[in-house]
Amino acid sequence: MAGSIKAPSPPRWLLAELTYACPLQCPYCSNPLDYANIKGELSTDDWKRVLKQSREMGAVQLGFSGGEPLVRKDLVELVNYSHELGYYTNLITSGYNMDEAKIIALKNAGLDHIQISLQASSKELNDFIAGTESFEQKKQVAKLIKKNDYPMVLCVVLHRQNIHQMKDMLDMAIELGADFVELANTQYYGWAQHNRDQLLPTHEQLKTAEAIANEYQETQKGKMKIYYVVPDYYEGRPKACMNGWGTTFLTISPDGLALPCHSARQLPNFDCPSVNEHSISDIWNESKAFNYFRGDGWMKEPCRSCPEKDKDFGGCHCQAFLLTGDATNTDPVCDLSPLHHTVTDAIEKAVQTNESALTFRNSKNSQLLKK
Amino acid sequence: MSLQTDQAIKLSSGYRLQWEEAQQMFVLLYPEGLIELNQSSAEILQLCDGQHKLADIVQTLETKFSTTGLENDIVSFLTIALDNGWINQSA
């Protein structure tokens, strides 16, 4: 497929997925369903090489994610190395098994910010969704994060089973002293896609939740910033996924695959390059995977002649693949897509599903679900 | 919340202004966010160090660039910065 002719813009965002290991079992996890079969985590030295090469390319925002990044024994060392390279370092964590000594050690290493997740505003629902008793500890850790003077983002992933707690969740965020709240509607990849019938909210639920978010955005102005991430299944137009493929974001998986977005490894026959074999510069500038959806040479109709193609870049290619079987199709979230019915059918099927049995994200289920 | 003339201006907690060699520009960094700054925005934010009030910033930049009449542009940029929470003020 045609790539762009211009030299690509440099990566600015590096997402370092340090490990797939996680003590929680959230059924909307974006990690691949077969994560339990993926072996061979990068070593500390591998990560340092990736961090240095990415920084030289221009990456400046750095997220340590996973799985649960706290599982990695070298986290403090990697934070310290990244800080010295000049990154703005973000830790994206469940907060589970975090204590004040670790919070202070990370601060001393130069960690700039901590994003902590909560699964719900009540202990019962939080611990059910997380698959692990963690609510009280998470709240305690959130307070310690603020006590130690970090900026804190509180992240709650929204779905049918917790979206009715919107008001309580925002009140809890205020109580915990969050500087930013990310209310992120589930995006349907990985485990979330598998559990979609149990997770997709109704349109009515969303309208109610959005109104509450808007109200708090007004009353919290200047105090707590609230980001509300819309659920794209209910939008008429697709999201500008990853700010455009291969323009801004670089994700490195625990085993060293370089991905233009964190779901890209599920695209078939895509051959995402490995940092064990290539430099970041070669990967970003030269690899087939990163050039694949750059520019608009890959587009079919209705994207190709669409006046909005420079705004949403055809939407999300992983979603196009998951719903239509072809990543080069228009993201079917777009109501101009001839396959838009794959989205409306999914909504109809989900809202008629009363069964609430979720498949939790753990190694046993991952083994059972392997391709 | 509006811009006060009698209070010093500083970057908000968790925000960092940084020169990026690869892109040859200043960027403003904050939790999970990045703003690429043009030269004039970067000049103003570099003076938001908790020491300078509005009048000091205007005077410093007018002297630096041997010009006058920068106040309106500086006020409108600082108002946006304040509304977005990039900066705050203390007496």
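Residues numbered from 1 in each chain as written. Chains lettered and ligands numbered in written order. Predicted model: local features only at pLDDT ≥ 70, side-chain atom pairs only at ≥ 80, totals over all residues. Heavy atoms only, no water.

This part takes up the overall build of chain A. The number of helices and strands found in chain A is 15 helices and nine strands. For chain A, whose C-alpha radius of gyration is 20 Å, the value lies close to the compact-globule estimate of 21 Å for 371 residues. Counting every position in chain A, which comprises 371 residues, the buried fraction comes to 58%. Within chain A, contacts between residues at least 6 apart in sequence are counted, and of these 75% link residues at least 24 apart. Summed over all atoms, the accessible surface of chain A reaches about 15300 Å², with 51% contributed by carbon and sulfur. Measuring between centres, the 38 positive side-chain charges of chain A sit 2 Å from its 46 negative side-chain charges. (Helix = DSSP H or I, 4+ residues; strand = E, 2+ residues; numbered from the N terminus. Rg over C-alpha atoms; globule rule 2.2 N^0.38 Å. Buried < 20%, exposed > 50% of the residue type's maximum accessible area, 1.4 Å probe, protein only. Contact = heavy atoms within 4.5 Å. Areas by Shrake-Rupley, 256 points an atom, 1.4 Å probe, with all protein chains shown as cover. Lys, Arg positive; Asp, Glu negative; His and termini not counted. Charge placed at Lys NZ, Arg CZ, Asp CG, Glu CD.)

Right, let's talk about helix α6 (residues 166-176) of chain A for a bit. All names here are of chain A. When we look at burial in α6, the residues that qualify are Met166, Met169, Leu170, Met172, Ala173 and Leu176. Taken end-on, α6 shows its buried residues confined to a sector of 160°, consistent with a single buried face. Lining the buried residues of α6 we find β4 (113-118), α5 (135-147), β5 (152-158), β6 (180-185), α9 (203-219) and β7 (225-229). Positive phi shows up at Gly177, right after α6, with a value of about 80°. (Arc of directions from axis to C-beta.)

A few words on empty space enclosed by the protein. All names here are of chain A. What the rule picks out here adds up to two cavities of 30 Å³ or more. Computed from the structure, the largest cavity encloses a volume of approximately 100 Å³. Considering the residues around the largest cavity, the lining is formed by Arg237, Pro238, Pro302, Cys303, Cys306, Lys309, Asp312, Gly314, Thr330, Cys334 and Leu336. Residue composition of the lining of the largest cavity, grouped by class: six nonpolar, two polar and three charged. (1 Å grid on protein atoms, 1.4 Å probe; cavity = no way out; pocket = protein on both sides within 12 Å on 5 of 7 lines; lining within 4 Å. Points joined across faces, edges and corners; volume = space filled by probe spheres on them. Nonpolar A, V, L, I, M, F, W, Y, C, P; charged D, E, K, R; others polar.)

So, on to unusual backbone geometry. Trans peptide bonds make up most of the peptide bonds, and negative phi angles are found at most residues other than glycine. Residue and element names in this part refer to chain A. Here Gly66 and Gly67 are connected by a cis peptide whose omega angle stands at 10°. The omega torsion across Glu301 and Pro302 is 5°, close enough to zero to call that bond cis. One non-glycine residue with positive phi stands out, namely Met242, at about 55°. Secondary-structure assignment places Met242 in the loop between β7 and β8 (249-252).

Glancing now at the environment of Asn365 of chain A. Residue and element names in this part refer to chain A. Residue position: Asn365 is located in helix α15 (residues 363-369). Between the C-alpha atoms of Asn365 and Val76, which are 289 residues apart in sequence, the distance is 31 Å. Here Asn365 is in contact with Trp191, Thr359 and Phe360, once residues within four sequence places are set aside.

Moving on, we come to the interface of chain B and chain A. Contacts between the two partners involve 16 residues from chain B and, on the opposite side, 23 residues from chain A. Interface area for chain B against chain A, summed over the two sides, is near 1500 Å², with a carbon-plus-sulfur share of 53%. Three residues, Arg16, Pro31 and Glu32 of chain B, lead the burial of chain B against chain A; their summed loss comes to 40% of the area buried on that side. Where chain B meets chain A, there are three salt bridges. In this structure, Asp112 of chain A and Arg16 of chain B form a salt bridge, with 3.0 Å as the shortest nitrogen-oxygen distance. (Buried area = accessible area lost by both parts, 1.4 Å probe. Salt bridge = Lys/Arg side-chain N within 4 Å of Asp/Glu carboxyl O.)

Residues and elements named next belong to chain B. The antiparallel open sheet is built from three strands, whose spatial order is β2-β3-β4. The open sheet is flanked by β2 (16-20) and β4 (33-36), the only strands paired with a single partner. Within this sheet the neighbouring strands show an average axis-to-axis angle of 30°, counted without direction. (Pairing = 2+ DSSP bridges. Axes fitted to C-alpha atoms, helices over the stretch in contact; angles between N-to-C directions.)

Quick look at the pattern of salt bridges now. Residue and element names in this part refer to chain A. Scanning the model with the defined rule gives 21 salt bridges over all chains in all. With a closest N to O distance of 3.0 Å, Lys147 and Glu100 form a salt bridge. Taken as a pair, Lys147 in helix α5 and Glu100 in helix α3 (residues 100-109) lie far apart in primary sequence, 47 residues in all. With relative accessibility at 24%, the residue Glu100 sits in the partly exposed group. Asp232 is paired through a salt bridge with Lys239; the nearest N and O atoms lie 3.1 Å apart. Owing to a relative accessible area of 4%, Asp232 belongs among the buried residues under this scheme. In this structure, a network of salt bridges that share partners links the residues Glu41, Arg72 and Asp74.

This part takes up the nonpolar core. The tendency in soluble globular proteins is for nonpolar side chains to be buried as a group. In this structure, Leu183 and Ile252 of chain A are the most contacted members of the largest nonpolar core, which totals 104 residues. By residue number, the principal contributor to this core is α6 of chain A, which donates six residues. If sequence neighbours within four positions are ignored, Leu183 of chain A has contacts with Val156, Leu158, Met166, Leu170, Ala213, Ile226, Tyr227, Tyr228 and Val229 of chain A. Membership of the second largest hydrophobic core comes to 25 residues, among which are Leu37, Phe77, Leu78 and Trp86 of chain B. (Core = buried A, V, L, I, M, F, W, Y, C linked by side-chain atoms within 4.5 Å.)

With that out of the way, let us pick up the sheet that holds strand β2 (residues 61-65) of chain A. Residue and element names in this part refer to chain A. Across the sheet, nine strands lie side by side as β7-β6-β5-β4-β3-β2-β1-β8-β9; this open sheet has mixed pairing. Unpaired on one side and paired on the other, β7 and β9 (258-259) mark the two borders of the sheet. Both β4 and β5 contribute to a ladder of five bridges, which runs parallel. Looking across to β5, one finds that Ile116 is bridged to Leu154. On the sheet, α5 packs against β4 and β5 and is oriented at approximately 160° with respect to β4.

In this structure, the second largest pocket spans a volume of roughly 610 Å³. Looking at the second largest pocket, it is lined by 26 residues, and the ones nearest its centre are Gly222, Lys223 and Lys225 of chain A together with Asn84 and Gly85 of chain B. Every element with two or more residues in the lining of the second largest pocket is listed here: α9 and β7 of chain A together with α3 (71-83) and β5 (87-90) of chain B.

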